[in-house]
Amino acid sequence: MSRPIHGGNLAWAARLAGCKPSELLDFSASISPLGPPRSVREAVQAAFSWVVAYPDTHYGELRRAIAQHHGLTPDYVLPGNGAAELLTWAAREMSLQTRGCFSVTPGFSDYDRALGAFGINPTNISLGNSLGNEERWHLDTWDTNFLEHIPQEIKLREFSFLLNNPHNPTGALLSRERVRSLLMAFGMVVVDEAFMDFLLPDREQSVIEWVDEFPRLVVLRSHTKFYSMPGIRLGYAIAQPATLQRWQQWRDPWAVNSLAAAAGVAAIQDVEFQQQTWRWLEHGNHQLYEGLAALPGLSPLPSVANFFLVKCEVSATDLQRQLLKQHRLYIRDCISFETLGDRYFRVAVKSEADNQRLLTALAAILPTLPRQNHSHEDSPHGR
């Protein structure tokens with residue numbers, strides 16, 4: 001079984017650890033440990049009697065619930081079989097509306113899958129650079145630098161831009177104003193906000209409210225991370241109605257099953273669960289970051305989301321292997337993030353006890369692994 005390109009591949013990890021998947025503690029997928037909410041479980045159970053009928057192709061109840069949550073009308077909402085399905089249609093839209101696409105690196109590997117399906121080879125903009133053996137992240141200035149130095153002969157209005165905010169895997173957050181500069185410059189912008197739910201309403205930087213002002217703005221959201229329902233496969237796109245009507249004509253009329261639709265309504269209306277999640281993350285994020293930063297050889301990047309990207313002075317894949325074999329703990333290697341390689345790993349924030357279990361295991365294993373001598377070619381921003 002080949003190395004996975006996504007986190008959460010428990011079958012692969014369990015084979016390496018020599019145990020059952022259920023015996024692993026999974027830090028590789030950035031899923032909240034609090035869910036799914038009881039309201040979701042009850043909604044799925046209640047909806048089970050409807051599996052004998054086809055779903056509503058318009059998903060009226062689900063669209064109304066999502067629209068109410070964001071202060072929109074339902075025609076601005078299109079549910080999908082996870083955000084991944086909707087990313088596919090966003091890529092098709094880009095292929096029809098623009099000449100090419102810019103995106104940031106490191107970035108989610110599924111972006112390349114979606115863009116490649118329609119013949120788009122994106123131009124990647126690095127979030128940093130490397131000097132010898134040292135990295136210099138430019139998370140606060142990369143977009144300004146890019147826009148200032150783009151050659152004048154390139155007409156950005158003929159191109160699209162794809163980014164996620166908060167950014168995966170760094171956990172950095174772009175302000176609305178910084179995203180707005182991209183909206184003003186490019187012909188089409190797709191913003192993947194899969195982790196935006198983890199921010200308190202007064203801190204979030206969503207651009208959903210701008211879909212009227214910018215006709216070619218598309219925002220993607222997911223129920224996977226915040227509500228702990230990756231197996232349900234539910235996400236949604238927010239964009240102008242004409243765009244979403246076109247996408248509906250492209251796809252299977254029953255993209256979302258009845259159980260997922262019921263789960264989505266229950267989840268997005270569960271205010272108590274949302275508040276519980278924000279309280280958990282504030283404490284858990286601080287605990288795990290401080291614990292990682294205290295371990296020799298590890299340098300976590302600050303993150304607003306429920307995960308950390310961690311630079312390590314040992315082989316991340318060796319560390320992953322030893323954590324699996326010795327402790328049945330599964331961290332995410334960053335091999336599939338093109339510019340990171342074996343120098344970084346990513347971990348999700350879990351409960352206080354689980355976070356401490358990981359920190360204790362790391363403290364035991366790190367001194368046993370050889371420190372790496374990284375050449376310039378091995379740098380996180382080299383090919």
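Note that the structure is a prediction, hence the values are computed from the model and not measured.

S.K.: Please clarify how the overall build of the protein should be interpreted in this entry.
M.R.: Along the protein, the regular secondary structure elements total twelve helices and 15 strands. On C-alpha atoms alone, the protein measures out to a radius of gyration of 21 Å, which is about the 21 Å that the 2.2 N^0.38 rule sets for 383 residues. Seen along its three principal axes, the alpha-carbon backbone of the protein occupies a region of about 60 × 55 × 40 Å. For the protein, the share of sequence-separated contacts (at least 6 apart) that also reach a separation of at least 24 residues comes to 76%. Carbon and sulfur atoms form 51% of the exposed surface of the protein, whose accessible area is close to 16,800 Å². Taken together, the 35 basic and 40 acidic charged side chains of the protein have centroids lying 5 Å from each other.

S.K.: Sorry if this is basic, but what is going on with the nonpolar core here?
M.R.: A general trend in soluble globular proteins is that nonpolar side chains are found buried together. Judged by nonpolar contacts, the single largest core of 94 residues is most densely connected at Phe 161, Phe 186, Leu 319 and Val 347. Here the element with the most residues in this core is helix H9 (residues 258–268); it accounts for nine residues. Residue contacts for Leu 319: discarding those within four places in its chain leaves Val 314, Ile 331, Phe 345, Leu 362, Ile 365, Leu 366 and Leu 369. Ala 91, Cys 101, Met 188 and Leu 220 belong to the second largest nonpolar core, which has 22 residues in total.

S.K.: Where do I start with the confidence of the model for the protein in this structure?
M.R.: Residues shown with low pLDDT carry predicted positions that ought not to be read at fine detail. The predicted model of the protein has a mean per-residue pLDDT of 92, with 93% of residues at 70 or higher. Here residues 375–383 is modelled with pLDDT under 50, and outside its nearest four sequence neighbours on either side it reaches 22 contacts, counting other chains as well.

S.K.: Got a minute to help me understand the sheet that holds strand E11 (residues 298–300) in this structure?
M.R.: Remark on secondary structure: sheet strands pair via backbone hydrogen bonds, oriented parallel or antiparallel. One open sheet holds the four strands; their spatial order is E11-E12-E15-E14, and the pairing between them is antiparallel. The sheet terminates laterally at E11 and strand E14 (332–334), the two strands that pair on one side only. If you compare each strand with its neighbour and ignore which way they point, the axes differ by 35° on average. Here E14 runs beside strand E15 (residues 341–348); their pairing, made up of three bridges, is antiparallel. Paired with Arg 332 across the two strands is Arg 346, which belongs to E15. Sitting on the sheet, helix H11 (residues 316–327) is in contact with strand E12 (307–312), E14 and E15, with an inclination near 45° to E15.

S.K.: Looking at this model, I keep getting lost on the side chain of Asp 333. Mind explaining?
M.R.: Mapped onto the fold, Asp 333 is located in strand E14. Residue Asp 333 is classed as buried on the basis of its relative accessible area of 6%. A polar contact is formed between the side chain of Asp 333 and the side chain of Gln 320, at a distance of 3.2 Å. In this structure the side chain of Asp 333 is engaged in a polar contact, spanning 3.1 Å, whose partner is the backbone nitrogen of Ile 335.

S.K.: Can you walk me through the packing of helix H1 (residues 10–17) against H11 in this structure?
M.R.: Pairs of packed helices are described in terms of their axes, by the angle between the two and the distance that separates them. Between H1 and H11, the least distance of the axes is 8 Å, while the angle of their chain directions is 70°. Taken together, the axes of H1 and H11 are roughly perpendicular relative to one another. Mapping the contact onto sequence places Trp 12, Ala 13, Leu 16 and Ala 17 in H1 and Gln 320, Arg 321, Leu 324 and Lys 325 in H11. Considering only residue class, the contact of H1 with H11 consists of five nonpolar, one polar and two charged.

S.K.: Any chance you could explain helix H7 (residues 176–185) here in plain terms?
M.R.: Residue pairs spaced three or four apart in an α-helix point in one direction, given the helix's 3.6 residues per turn. The set of residues buried in H7 consists of Arg 176, Arg 178, Val 179, Leu 182, Leu 183 and Ala 185. Buried residues along H7 sit against helix H6 (142–149), strand E7 (160–164), strand E8 (188–192) and strand E9 (217–222).

S.K.: Any chance you could explain the pattern of salt bridges here in plain terms?
M.R.: When the charged atoms of two side chains lie near each other, side chains of opposite charge can form a pair. A full pass over the atoms with the stated rule returns twelve salt bridges. Measuring nitrogen to oxygen at the nearest pair gives 3.3 Å for the salt bridge that ties Arg 328 to Glu 23. Taken as a pair, Arg 328 in the loop between H11 and strand E13 (329–330) and Glu 23 in the loop between H1 and strand E1 (25–26) lie far apart in primary sequence, 305 residues in all. According to the relative accessible area criterion, Glu 23 is partly exposed, its value standing at 35%. Note that Arg 178 and Asp 143 form a salt bridge whose closest N and O atoms lie 2.8 Å from each other.

What counts, and at which threshold
- Residues numbered from 1 in each chain as written.
- Predicted model: local features only at pLDDT ≥ 70, side-chain atom pairs only at ≥ 80, totals over all residues.
- Heavy atoms only, no water.
- Helix = DSSP H or I, 4+ residues; strand = E, 2+ residues; numbered from the N terminus.
- Rg over C-alpha atoms; globule rule 2.2 N^0.38 Å.
- Contact = heavy atoms within 4.5 Å.
- Areas by Shrake-Rupley, 256 points an atom, 1.4 Å probe, with all protein chains shown as cover.
- Lys, Arg positive; Asp, Glu negative; His and termini not counted.
- Charge placed at Lys NZ, Arg CZ, Asp CG, Glu CD.
- Core = buried A, V, L, I, M, F, W, Y, C linked by side-chain atoms within 4.5 Å.
- Buried < 20%, exposed > 50% of the residue type's maximum accessible area, 1.4 Å probe, protein only.
- pLDDT = per-residue confidence, 0-100.
- Pairing = 2+ DSSP bridges.
- Axes fitted to C-alpha atoms, helices over the stretch in contact; angles between N-to-C directions.
- Polar contact = N/O pair within 3.5 Å; in protein donor to acceptor, adjacent residues only side chain to side chain.
- Parallel < 35°, antiparallel > 145°, perpendicular 65-115°, else oblique.
- Nonpolar A, V, L, I, M, F, W, Y, C, P; charged D, E, K, R; others polar.
- Salt bridge = Lys/Arg side-chain N within 4 Å of Asp/Glu carboxyl O.

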